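Examining the three-dimensional arrangement
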Amino acid sequence: MSGRGEPGGYDPRTQRTGAVMPDRKQTIESLEIEHRVFPPPPEFAAQATADADLLRRAAEDPEAYWAEEAARLDWMSPWEQLVDRSNHPFYKWFVGGTLNASVNCLDRHLAERADKVAFHWEGEPGDTQTITYADLHERVCRLANGLRSLGVGRGDRVAIYLGMVPELPAAMLACARIGAPHTVVFGGFSPDSLRDRIQDCECTAVITADEGWRNGKTVPLKANTDEALTECPSVTSTVVVRRTGGDVGWVEGRDHWYDELVAAQPAECEPEAMDAEDMLYILYTSGTTGKPKGIVHTTGGYLTGAASTHRYVFDIKDDDVYWCAADCGWVTGHTYIVYGPLANGCTGVLYEGAPGFPAEDRWWEIVERYGVSILYMAPTAIRTFMKWGPEHPAAHDMSSLRLLGSVGEPINPEAWMWYHEHIGGGRCPIVDTWWQTETGCIMISPLPGVTPTKPGSATFAMPGISADIVDEAGNSVGLGAGGYLVLTEPWPSMLRTLYGDDERFVETYWSQYEGKYLAGDGARRDDDGYYWFLGRIDDVMNVSGHRLSTIEIESALVDHEAVAEAAVVGRSDETTGQAIAAFVTLKGDVTGDEELIGTLRKHVATRIGPIARPKSIVLTDDLPKTRSGKIMRRLLRDISEHRQLGDVTTLANAEVVADIADMAESARAAGDED
Ligand code: 7RM
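In this text the structure is predicted, and so the values were computed from the model without any measurement.

Rules of the game
Residues numbered from 1 in each chain as written. Predicted model: local features only at pLDDT ≥ 70, side-chain atom pairs only at ≥ 80, totals over all residues. Heavy atoms only, no water. Near = heavy atom within 4 Å. Areas by Shrake-Rupley, 256 points an atom, 1.4 Å probe, with all protein chains shown as cover. Helix = DSSP H or I, 4+ residues; strand = E, 2+ residues; numbered from the N terminus. Nonpolar A, V, L, I, M, F, W, Y, C, P; charged D, E, K, R; others polar. Axes fitted to C-alpha atoms, helices over the stretch in contact; angles between N-to-C directions. Parallel < 35°, antiparallel > 145°, perpendicular 65-115°, else oblique. Contact = heavy atoms within 4.5 Å. Pairing = 2+ DSSP bridges. Expected span 1.5 Å × (residues − 1). Buried < 20%, exposed > 50% of the residue type's maximum accessible area, 1.4 Å probe, protein only. Phe/Tyr/Trp six-rings, centres within 6.5 Å; stacked < 30°, edge-to-face > 60°. Lys NZ or Arg CZ within 6 Å of the ring centre and 35° of its normal.

**Describing the site of the ligand**
Lining the immediate environment of the ligand, one finds 17 residues, of which D432, T433, T437, D521 and K630 sit closest. Calculation on the ligand without its partners gives an accessible area of 520 Å², and the protein chains cover 93% of this total. Where the shell around the ligand is concerned, the elements lending two or more residues are α12 (331-343) and β26 (531-536). Classifying every residue of the shell around the ligand gives seven nonpolar, five polar and five charged.

Right, dumping it as structure tokens:
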């Protein structure tokens, strides 16, 4: 058993059992088992929107379930067929139905909720706006008219390149109103990334701002746009929001100030009746590898999935103040800041800036100020807050919180527990939601008030969703084993294709296993059927023939009191095929030395087994991450193997890569341990 502990041996200290070595070679081995279970608090369960009956009904008849969920939207004309499966994998949902997403998000609330707050917006410098549904409706109509006046119409693609200002959701909805698919590009992306995306889908217009605010500094959005547009002949107009008042270049005839454009427009705008299968948006995802893919979402199915999952997973009630602290440039912002919450008539919080500006308690100040009741964020943010220390949330009254969510990466059990205790005051259920840009909405998640949670597990498939874990050959691996996550039935908010590349769409997602969607994530189910995500398949390591996932080793490192964050990768090794290289950031008050490194290696070996002991550990100030906070292990592999670094254009913090490479070099000079 090579030190893995007795099969099933229970360790009362960690409340864990040692993993049982399977007889047959597992697709991905699972080393660690988390045993803590948090049942739904009875007070929460008593008022929850979802219940066990919902799950039962959806399991019995998923199509009837989706028909019911879609019926909550306002349709301009009804669909004739729920789902057309005749041209796999090009599914169509709500065939023949027409609707408009902006009408569903705005107009239909005006009768009863005109004065309800749609967004409490807070700028990074501290300026605020309170935007009601009536306000947002007017802003969207004016901009939609303005875009039409520039010749933008049904089917034209519009790039949106903004910081988190109120004009961003307004721009998305204005595009939706006139049937022009939007493509939101993160305000932090470079001119080259913007150019590539505009070129790929041949946008005719760009909505941007003079500058954005980030960490007290300005981001030159208009200048970046100007640079990108030197190589984008398809773009004939830009609309420029005045945010900072900074100086900008100007191209007469092409560029228009947002405020001047909308001031001249009527406050009402006739919406387009869109076919359920008409494109709502394209969102480019680079993931952590490769050339960006233009994920295509359509109107009826996407909006159904967004509204339905938002309602059940976040247990939305009329008086909730809901804060999804993502950026609209990420799919999480599309589905859970804009389309889902607004379709549900919910009050949201929008914050423009960085979490540490001007101080490390900015988020908790916001929670207190607006009485946030539901908070949704990424594990990377949770780990950052852990690093900064619990005194920051503790300094604020956060008793308004009743539900917490996590998205973007597997959440380490240690981070889950910290979130539960220091943010949720021990009383709030946590929904760990697994999904992708491609899936459009949450696929695997607890239902709060219904599902007992386990720290680090996304628990079960959502109502109406069919998932499985399969091995290389596509056979279900059953309970207690690891493999590849697949979705086995189509769902309304599934991506329809990759923009302009049907072939790559089929190849990437549908070619490995007949009839099944391959998500590209490793996962396992425990004996109770709970899903545990193990990271991207590309990141799986092979050490002496054992296929090991990154997350369990990283979680064992984060479990140590000195560690804030960790990333592990496999680098080639003469003896073991691959050896585990770990990159670790320490908590604020800890200084690292050789002794600590030794301790950490031992800690992993004790927690998981000698097979998982990192061969090298590099202590670093930061890890390379995408804008949405996902660790880019591919770059760490490049560093570990002395390779030329791959594409770094989607990195949020490109400057750390050189530092890490230096640290890795000196660590190597000092010699690896065995
Ligand atoms: C929503 C989003 C998708 C990838 C996905 C996973 C990872 C996201 C979780 C997660 C474990 C989670 N869209 N991922 N959520 N892994 N647990 N709760 O992140 O397109 O940007 O990324 O993110 O690897 O495939 S995304």
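**Considering the packing of helix α14 (residues 379-388) against helix α16 (residues 413-423)**
Their axes nearest at 10 Å, the elements α14 and α16 cross at an angle of 70°. Considering their axes alone, α14 and α16 lie roughly perpendicular with respect to each other. On α16, the residues touching I382, R383, F385 and M386 of α14 are E414, A415, W418 and Y419. Across the contact of α14 with α16, the residue classes tally to six nonpolar, no polar and two charged.

**Digging into the sheet that holds β26**
Spatial strand order, β23-β24-β25-β26: four strands in an open sheet with antiparallel pairing. On the outer flanks of this sheet lie β23 (467-470) and β26, each paired with one strand and no other. Shown here is a sheet whose adjacent strand axes are inclined to one another by a mean of 45°, direction ignored. As defined by bridge partners, strand β24 (residues 482-487) adjoins strand β25 (residues 517-525) across five bridges and the pair is classed as antiparallel. The residue bridging G483 from the neighbouring strand is A523, located in β25. Sheet strands touched by helix α18 (residues 550-558): β25 and β26. Its angle to β26, the strand with the most contacts, is close to 100°.

**A look at helix α19 (residues 594-607)**
Taking 1.5 Å of rise per residue, the 14 residues of α19 would be expected to cover 20 Å, and the 20 Å separating its terminal C-alpha atoms lies within 8% of that figure. Along α19, the positions that sit buried rather than exposed are L596, I597, L600, R601, H603, V604, A605 and R607. A positive backbone phi angle near 140° is found at G609, which sits one or two residues after α19.

**Some thoughts on the packing of aromatic side chains**
On inspection of all chains with the given rule, the structure shows 30 aromatic pairs. Consider the rings of Y91 and W510, whose centres lie 6.2 Å apart with planes at 50°: the pair is tilted. You can see Y91 sitting in the loop between β3 (81-84) and β4 (92-95) and its partner W510 sitting in helix α17 (residues 502-510), a full 419 residues away along the chain. Under the relative-accessibility criterion, Y91 is labelled buried at 9%. Geometrically, the ring pair formed by F314 and Y322 is edge-to-face, given 5.4 Å between the ring centres and 65° between the ring planes. Judged by its relative accessible area of 0%, F314 falls in the buried class. Overall, Y322 belongs to the buried group, its relative accessible area being 1%. One aromatic cluster is present, built from ring pairs that chain together F90, Y91, W491, F505, Y509, W510 and Y517. Above the plane of the ring of W257 lies R242, whose end atom (NZ or CZ) is 4.1 Å from the centre. The positively charged end of K454 is found above the aromatic ring belonging to Y530, 4.2 Å away from the centroid.

**Re the packing of helix α3 (residues 62-70) against helix α11 (residues 299-313)**
The relative placement of two packed helices is expressed as an angle between their axes plus a distance between the axes. Contact geometry for α3 and α11: axes closest at 9 Å, N-to-C directions at 90°. Judged by the inter-axis angle, α3 sits roughly perpendicular to α11. Residues Y65, W66, E69 and A70 of α3 touch α11, and the partners they reach there are T304, G305, S308 and Y312. By residue class, the composition of the contact of α3 with α11 is four nonpolar, three polar and one charged.

**Focus on the environment of Y65**
The topology assignment puts Y65 in helix α3. Y65 gets classed as buried once you look at its relative accessible area, which sits at 3%. Separated by 45 residues in sequence, Y65 and L110 place their C-alpha atoms 28 Å apart. Apart from residues lying up to four places away in sequence, Y65 is in contact with L54, A58, S308, Y312, P463 and G464.

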